[in-house]
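Spelled out, the chains give:
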Amino acid sequence: MITEIGHLALILALVVAILQSSLPLYGAAQNRAALMQFARHAAIGQLGLVLLAFLATTYAFVVSDFSVMLVANNSHSAKPMLYKITGVWANHEGSLLLWILILAVFGAMVAGFGRNLPPTLRARVLAVQAMIAVGFIAFTLFSSNPFTRLWPPPIDGKGLNPLLQDPGLAFHPPFLYFGYVGFSITFSFAIAALIEGRVDPAWARWVRPWTLWAWCGLTFGIALGSWWAYYELGWGGFWFWDPVENASFMPWLAGTALLHSAIVVEKRDALKSWTILLAIVAFSLSLIGTFLVRSGVLTSVHAFATDPARGVFILVLLVIAIGGSFALYAVRAPTLKGGGLFQPISREGALVLNNLGLTVALATVFLGTMYPLFLDAMGSGKVSVGPPFFNSSFVPIMVPVLVAMAIGPQLAWKRGDLAGALGRLWAAFGAAAGIAMGGMLLTGGGDILAVLGLAVVGFVLMGVAIEWAERVRLFQAPLAESWRRARAIPRAAYGMSIAHSGIALVMLAIIATTVWRTEVIQVMRAGEQVNVAGYEFAFEGVRDLNGPNYQAQRGTFQVARNGRFVATLEAEKRFFPVENQATTEAAIHTTWFADLYAVVGDPDGSGGWTVRLYHNPMVPWIWIGAVVMVMGGLVSLTDRRHRVGAPATRRRRAIDHGMPQAAGD
Amino acid sequence: MRVVVLAALILLQVAPFMPAGAVNPDEMLADPVQEARARELSKDLRCLVCQNQSIDDSNASLARDLRVVVRERIKAGDSDSQVMRYVRDRYGDFVLLKPPVQPSTYALWFGPLLFAILGMIGVTLFMRRRPASLAPPALSEAERRRVELLLAEVKDGDGRLTP
Amino acid sequence: MRRLLYFLPLVLFAGIAVYFYLGLHRDPRAVPSALIDKPVPDFALAPLAGRANGRETAGLATADLRRGEVTLVNVFASWCAPCRIEHPQIKHLAEVLKVRVDAINYKDKPEAALDWLVRLGDPYGRIGADPDGRAAIEWGVYGVPETYVVDRQGVIRYRHVGPVMPHDVEQVILPLLRRLGR
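Below is a summary of the structure that appears in this document. (Residues numbered from 1 in each chain as written. Chains lettered and ligands numbered in written order. Predicted model: local features only at pLDDT ≥ 70, side-chain atom pairs only at ≥ 80, totals over all residues. Heavy atoms only, no water.)

1. Things to note about the overall build of chain C
When its secondary structure is counted, chain C shows six helices and seven strands. Traced from its N-terminal end to its C-terminal end, chain C shows the element sequence α-α-β-β-β-α-β-α-β-α-β-β-α. Looking at chain C residue by residue over its 182 residues, the buried ones come to 53%. Intrachain contacts of chain C at a sequence separation of at least 6 include 74% that bridge at least 24 residues. Of the roughly 8400 Å² that chain C leaves accessible, carbon and sulfur atoms contribute 60%. (Helix = DSSP H or I, 4+ residues; strand = E, 2+ residues; numbered from the N terminus. Buried < 20%, exposed > 50% of the residue type's maximum accessible area, 1.4 Å probe, protein only. Contact = heavy atoms within 4.5 Å. Areas by Shrake-Rupley, 256 points an atom, 1.4 Å probe, with all protein chains shown as cover.)

Structural data, given as structure tokens:
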């Protein structure tokens, strides 16, 4: 019954979305306030209906209603409650439902918080949002219905892939979708602006907070996925450049570029048509990512995973959404008049360089991800494009971007003083040179690339610090003065510094762990000891134990350094009888500067066990750095100019003071 | 394996999955230099049955067999490129995670460079299009007063013209 | 001219969409054999011990496939479920259509393989036992079942990955065998 209510709610949501995608557009064209107003109510109503549908599905999972096909196929009564709930989106149909839910949440947020948007713009934005919703709800209802019943219901469900029964992966999709779908708002703003034929600094100011939100979500989602891979797949890898990862990384690159080019639009009224293009591209890549993952074009796990009907449906959606917006772009973008002028050496110039680098990197990742498909479709043979290609092409492209990241903020708008900026950065150059020389000495000139990479990291970190110190006149003015200045710096500037440091930390960690990791793979018997990067791992053997829905073999290591106890590591192999699958649970102890990582493999039949022990230097900082980046985004969002739906400048705010902000109501 | 897994997150189908991959002690070569070579080569060879994973990362049985073959060839005195050719002769270009540079992959290998060049040309043209002289038109009286007001406001900020 | 530049994203996307469409109908996992139109690789396998009387008791080696006869080489294992599915087709080819079918028994226990053949029927000419899968690597085998068509000169002409289904026999294998002059 509840399932049918959910089904009905989703059908109604489709109807509402169809109305919301058409009436307000007409209203905006005819300047009919009531029709434009309808968009707001529709967006909020749509959220209610989609939420109902989502909750109905969740309920079916929670009570293990196996008469619902989705539940029977993806759940099991013996599964812990957490994974019953997260199991809702750990499958194709449910994850679509989550996608639609987040889309509705964003739509309702525009409706609710976008009160001081011009009414026509808001109506158009919400209408475009609704068009996306129509596509996805229709896709769900017609090709991937989560409410399909099964008769007779099976006694119990088929269970959930045990790899997905894990907190890291359970919460990976919501954040990822938050990012993907967040870019739908920027997309809708871009389309609405093209329809209106108007892009100005106010538009950029409305768009930036949404971009930031989406970017934060995507950054965190990608980091969670990478973290999961690191601890779950059992050999300490954290990034594999596989198509599924690239599908989430490409929107991130586009979104990062958008974040920066929107600044130029806001501050300098320039780069308008480029920013619009990036907004469309960021969301298009989110859609393409969805297509790649779900159609089986790149990742099919033999024929049964591929459902060509679904693939064709999504492809049609893609063509309508992306093709339609690019067509609109082709016609309308030339009419957008560029504004502010600037010289190549300027803040804008640095942001353009950032965009150039990110775009080339994006194009490279796209090329590498799609190349096997292109070649195959042309009948020119099958190739694999793996990490060696991406590492050798992506990394060199990103180096100038990182360097520009340190120099750019030193440059003034319009016309910068490069010599002055570089002069102020003398300490950063010093740090880089020091790291480079120290590194060469320490490694004996062995890993030149790694050392140079670390030098760049040092340059960036120092650059960020210098930029801040210059702003507050640290040690150039009395401390009280510096303190006053530090408090006066806009939050957005702090956000930038924090996010840039986060990037540098991620780089640092990736370089260190890639180059200086230690690995020991051998057979060990209980009582034996082995030294891994200065740590003594004493193996105490393996014993059996039972988990809630699995059986485990747990291997225990006592780790000591210089005779002093460091940690007890308990690595497990788990077997899930319902799913008939095994997982490894690596045991990880972090010292913050490194991870000790232990995995138990197979027994050798005579009392020994294969063990894999790793010392991964700096590796936690990959994810700490990512969290720092997200924090930078969040700090930036607390800037009053970035508050969602707060486009009024300070001056206008002062004039409007005391008046209800109800311009559009 | 990872692709399989992430795809499984969203698709329903999961291939038989065996976690904890990589080399086993019994496969390893006694000579550490040879073993290190084998590891490096293994990282560039694709495990054909597990999609987008190197044989070094996978414990699918075919990956294991190929690891053994790689070591066998190394022990037989093959150079790195001879080992790679040996595997490629049997499994084709598909087995190489680093695609060979050949006419069908020129677009792949030279694409990034081409993107960078095109991008730089584009940016240069974009900059050129704008007059190099940034001499602003003279300010009107009203504008001058606003500028003064703004400057006064900025002074108590961070001292720079960042809004 | 500048206006045309704004059409570039649309044009690029149109191209990409076409490739996506083409890609939908392809299996990214189907890997063509590197050995097509190459001579049969060097290998020599011992026979499957204990095969019923009246059967060829020799193993399978390169020379056996260069004897002027078009041959199917079927890679199978008793533990492989799809092999069971294709077995009637293999039998049909060998017993009704009188095609010479040799086999490589991949990573199998001899007793399990014999038992499997007794229960499902043994249509094979020669069978080479490949317990460690080493010979299969020479052939570029990456899963079971796989089936190769070898021509009179001992050159590999075709590889089929996965179970051979009746329509594969009708539409691919028989026409090919006819072309090869059998």
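Don't stop here, the text continues.
2. Digging into the interface of chain B and chain C
The interface is formed by 18 residues belonging to chain B together with 16 residues belonging to chain C. Summed over the shared surface of chain B and chain C, the result is three salt bridges. Between C:Glu138 and B:Arg90 there is a salt bridge whose closest N-O contact spans 2.8 Å. Counting every contact that joins chain B to chain C gives seven residue pairs in polar contact (both at pLDDT 80 or more). Put simply, the parts of the chain that give the side of chain B that touches chain C at least two residues each are helix 3 (61–75) and helix 4 (80–91) of chain B. Residue contributions to the side of chain B that touches chain C peak at six residues, all from helix 3 of chain B. Of the residues that constitute the side of chain B that touches chain C, the class distribution is nine nonpolar, three polar and six charged. (Salt bridge = Lys/Arg side-chain N within 4 Å of Asp/Glu carboxyl O. Polar contact = N/O pair within 3.5 Å; in protein donor to acceptor, adjacent residues only side chain to side chain. Nonpolar A, V, L, I, M, F, W, Y, C, P; charged D, E, K, R; others polar.)

3. Let's talk about a positive patch on the surface
Together, A:Lys337, B:Arg129, C:Arg2 and C:Arg3 line one region of the surface with positive charge. Mapped onto the elements of the fold, C:Arg3 is located in helix 1 (residues 2–5). (Patch = residues over 30% accessible without salt bridge, like charges linked within 9 Å, V, L, I, M, F, W, Y side chains within 5 Å. Lys, Arg positive; Asp, Glu negative; His and termini not counted. Charge placed at Lys NZ, Arg CZ, Asp CG, Glu CD.)

4. Comments concerning the pattern of salt bridges
All names here are of chain A. Summed over the entire model, instances satisfying the criterion amount to 45 salt bridges over all chains. Residue lysine 267 pairs with glutamate 266 through a salt bridge whose shortest N-O separation is 4.0 Å. Across the pair arginine 525 and aspartate 604 runs a salt bridge whose closest N-O atoms are separated by 3.7 Å. Here arginine 525, found in the loop between strand 1 (518–524) and strand 2 (529–532), pairs with aspartate 604, found in the loop between strand 8 (594–603) and strand 9 (609–617); they are 79 residues apart in sequence, far enough to count as distant. You can call arginine 525 partly exposed: its relative accessible area is 34%. Residue class for aspartate 604 comes out partly exposed when judged on its relative accessible area of 36%. Taken together, the salt bridges that share partners define one network made up of Arg543, Arg554, Glu570, Glu572, Arg574 and Glu585.

5. Describing the nonpolar core
Judged by nonpolar contacts, the single largest core of 185 residues is most densely connected at A:Trp99, A:Phe189, A:Trp203, A:Ile276, A:Leu318 and C:Phe20. The greatest single-element share of this core, amounting to 16 residues, is contributed by helix 9 (residues 201–232) of chain A. Excluding its chain neighbours within four sequence positions, the residues that come into contact with A:Leu318 are A:Leu287, A:Ile288, A:Phe291, A:Gly323, C:Phe13 and C:Phe20. In terms of nonpolar packing, the next biggest core, distinct from the first, is built from 45 residues, C:Val101, C:Tyr148, C:Leu177 and C:Leu180 among them. (Core = buried A, V, L, I, M, F, W, Y, C linked by side-chain atoms within 4.5 Å.)

6. So, the state of the cysteines
Here is the idea: a disulfide is a covalent bond, and it sits between the sulfur atoms of two cysteines. All names here are of chain C. Summed over all chains, the structure comprises one disulfide over all chains. In this model, cysteine 80 is linked to cysteine 83 through a disulfide, with the two sulfur atoms separated by 2.2 Å. On the sign convention where negative means left-handed, the S-S torsion of about 95 degrees between cysteine 80 and cysteine 83 marks this disulfide as right-handed. Accessibility expressed as a relative area gives 3% for cysteine 80, which makes it buried. (Disulfide = S-S within 2.5 Å.)

7. Considering unusual backbone geometry
Note that the residue after A:Trp151, namely A:Pro152, is joined by a cis bond; omega there is -5 degrees. With respect to the helices, strands and loops of the structure, A:Pro152 is situated in the loop between helix 6 (119–143) and helix 7 (167–170). Across the junction of C:Val144 and C:Pro145, the peptide omega takes the value -5 degrees, indicating a cis bond. Tracing the sequence through the fold places C:Pro145 in the loop between helix 5 (134–139) and strand 6 (146–150). Positive phi, normally seen in glycine, also occurs at A:Ser64, with a value near 50 degrees. With respect to the helices and strands, A:Ser64 occurs in the loop between helix 2 (33–62) and helix 3 (69–74). Phi at A:Trp241 takes a positive value of approximately 55 degrees, unusual for a residue other than glycine.

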